[in-house]
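Geometric and topological summary
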Amino acid sequence: MGWWEINADTLARGRFVVSPLDETLACLKMLHAGVAGHPGERAWLDTHRPAHLRRMAADPVTALLVASGLGREWNADFLTPTPVEGQSFADGVARIRAARPEVARADLAVSLGGTLPAALDRDDLPERAAALLEEVWAEAVRPDWDRRRRVLEADVVARTAQVSRGGWATVLDALRPGTRWLGDNRLQINLNPYPPRELSGAELLLVPITPQRHGWVAWEEPERYAMVYPCAGALADDGARHVPAALGALLGPARAGVLTLLGTPMSTSQLVGVTGQGLGSVGRHLRVLLEAGLVERRRAGRSVLYSRTPAGEVLVEAGAGSGTGPD
C-alpha cells in the first residue's frame, strides 16, 4: 500500500481547497469512463458524453492521450498539477499547457505502465490536453459552476466541523476508498505498492470534487501535497434536491427544498451552500419548520445540525407520492 507520514504540525496547517481545474479533470475522467455514481451524474453524462465521444472520434491522438493519461491506477502527473489555493481554472490549465513535452511523454509512460505508443511520441501533448480541458470546462462545467462550487463549499464546511469534533484522523480515515488513518502519523493514500513519503513541513491540501467515483493524489516535492476526494454523496447528488410539487405548494418551494434536503443532517451553513439561499432566508425556514415539528436540531461539537423528524419524513414521503417539480 502507499502511505504518507504526516506529523502534527503538517496536519495543523492542513486546509481544504476548492479547485475548478480539479473539478474539470474529474469531469473529464467521468466522460472518459462513462460511469455515473448517481442519477444526477447519469443525466449529466447523457447530456455531455455524446459530444465528447464525437470529439474523441474526430481526434484519435487526443483520444489516445486521454486513455493513456487517465490510468486505472495512476494518472499522468502533468495532467494533475497540485492545486494552489485561490487558483482560477485559466491559471491551472496554463500549468498543464506549460509542461515540457519530454516530461509529458515520460508521465504517460508511467501511467500506462509500459512503452509509450508511437502515436504519442510528439511535442504537442500538453497543448492538446489543455485544449481539451478548456472545452470540457466551457461546455460542461462552467455553465453549472456556481452550483458545483456551493456543493463543494458545503462539503468543506461539513469536513471542517468534523475536524473540530473528532480531529483530523476522523476526516482522513473516510475521505475516499483506499484512504485510512493507520496511526503513528501514517495516512494510507491507496492500496498500491508505492514507497512511503514523509511530509514534514509541507502543505497538505484536501480538494473536494463532485464526481463520486474519482479521486487521486498529487504532489510537488517537497513543499505541497494534495488529496482529491469525492465530496459527500448527499451533497453531490443533484437529484436529491428535487422538491415534490405537492410539498412545494404546501410549504413554498424554498422551504420545501430545505425540508427535502434534511434527510441527511446538515448545518445552516451547509444549507446555505447547497441551496444558494441567503443565511437569513434559511434561518427563517428552519425556524418555521422547527415550530411545526417537522425538523429537529442537535449540537455536534461546535455545529448545530438539523434533520427531519418522523412527522417531516411522513410529509416528504407523502409529497413524493404526488409527483415532483422544480426546486
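The structure under discussion appears in the preceding block.
What counts and what doesn't
Residues numbered from 1 in each chain as written. Predicted model: local features only at pLDDT ≥ 70, side-chain atom pairs only at ≥ 80, totals over all residues. Heavy atoms only, no water. 1 Å grid on protein atoms, 1.4 Å probe; cavity = no way out; pocket = protein on both sides within 12 Å on 5 of 7 lines; lining within 4 Å. Points joined across faces, edges and corners; volume = space filled by probe spheres on them. Helix = DSSP H or I, 4+ residues; strand = E, 2+ residues; numbered from the N terminus. Nonpolar A, V, L, I, M, F, W, Y, C, P; charged D, E, K, R; others polar. Domains from an automatic or database assignment. Axes fitted to C-alpha atoms, helices over the stretch in contact; angles between N-to-C directions. Parallel < 35°, antiparallel > 145°, perpendicular 65-115°, else oblique. Left-handed = near helix turned anticlockwise from the far one by under 90°. Contact = heavy atoms within 4.5 Å. Core = buried A, V, L, I, M, F, W, Y, C linked by side-chain atoms within 4.5 Å. Buried < 20%, exposed > 50% of the residue type's maximum accessible area, 1.4 Å probe, protein only. Phe/Tyr/Trp six-rings, centres within 6.5 Å; stacked < 30°, edge-to-face > 60°. Pairing = 2+ DSSP bridges.

**As for the layout of surface pockets**
Roughly 930 Å³ of volume is contained in the largest pocket. If you go around the largest pocket, you meet 26 residues; those closest to its centre are Lys29, Gly71, Arg72, Arg213 and Gly215. Elements supplying a minimum of two residues to the lining of the largest pocket: α2 (20-33), β4 (186-190) and β7 (216-220). Among the elements that make up the lining of the largest pocket, the one with the highest residue count is α2 (three residues). Taken together, the residues of the lining of the largest pocket break down into 10 nonpolar, 10 polar and six charged. Taken domain by domain, the lining of the largest pocket gets at least three of its residues from each of domain 1 (2-16 + 147-232) and domain 2 (20-144).

**Details of the packing of helix α8 (residues 145-166) against helix α13 (residues 268-275)**
Packed helices, taken two at a time, are described by the angle their axes make and the gap between the axes. Across the interface, α8 lies against α13 with an axial gap of 7 Å and an inter-helix angle of 165 degrees. Taken together, α8 and α13 sit at an angle that is classed as roughly antiparallel. Once α8 is placed against α13, the crossing between them reads as left-handed. Packed against α8, whose contacting residues are Arg150, Val151, Ala154, Val157 and Ala158, the element α13 presents Ser269, Gln270, Val272, Gly273, Val274 and Thr275 at the interface. Along the lines of polarity and charge, the residues of the contact of α8 with α13 split into six nonpolar, four polar and one charged.

**Quick notes on the nonpolar core**
Ranked by size, the top nonpolar core spans 46 residues in total, and within it Leu21, Trp44, Phe78, Leu108, Leu133 and Val136 carry the most contacts. The biggest single contributor to this core is helix α7 (residues 125-141), with nine residues. Two domains share this core, each providing at least three of its residues, namely domain 1 (2-16 + 147-232) and domain 2 (20-144). Ignoring any residue separated from it by four or fewer positions in sequence, one finds Trp44 in contact with Cys27, Met30, Leu31, Ala140 and Arg148. Phe16, Val156, Leu206 and Tyr229 belong to the second-largest nonpolar core, a separate cluster that totals 19 residues.

**As for the packing of aromatic side chains**
Enumeration according to the criterion identifies eight aromatic pairs in this entry. Ring plane angle 70 degrees and centroid distance 5.3 Å describe the contact between Trp4 and Tyr225, whose orientation is recorded as edge-to-face. Pair noted here: Trp4 is in strand β1 (residues 2-5) and Tyr225 is in strand β8 (residues 224-230), with a separation of 221 residues, a long-range link. Here Trp4 falls in the buried class, since its relative accessible area comes to 1%. Geometrically, the ring pair formed by Phe16 and Trp168 is stacked, given 5.8 Å between the ring centres and 15 degrees between the ring planes. You can see Phe16 sitting in strand β2 (residues 15-16) and its partner Trp168 sitting in helix α9 (residues 168-172), a full 152 residues away along the chain. By the burial criterion, Phe16 is buried, and Trp168 matches it. Chaining the aromatic ring pairs together yields one cluster made of Trp4, Trp74, Trp219 and Tyr225.

**Quick word on empty space enclosed by the protein**
Scanning all chains against the criterion turns up one cavity of 30 Å³ or more. Approximately 40 Å³ is the volume attributed to the largest cavity. The wall of the largest cavity is formed by Leu28, Leu65, Val66, Leu70, Leu79, Ala129 and Leu132. Broken down by secondary-structure element, the contributors of at least two residues to the lining of the largest cavity are α4 (60-69) and α7.

**As for the sheet that holds β4**
As summarised here, the arrangement of the four strands in space is β3-β4-β1-β5, forming an open sheet in which the pairing is mixed. Sheet topology places β3 (180-183) and β5 (197-198) at the edges, where each strand pairs with a single neighbour. Alignment of β3 against β4, held across three bridges, turns out to be antiparallel. When the bridges of β4 are listed, Gly183 appears paired with Arg186.

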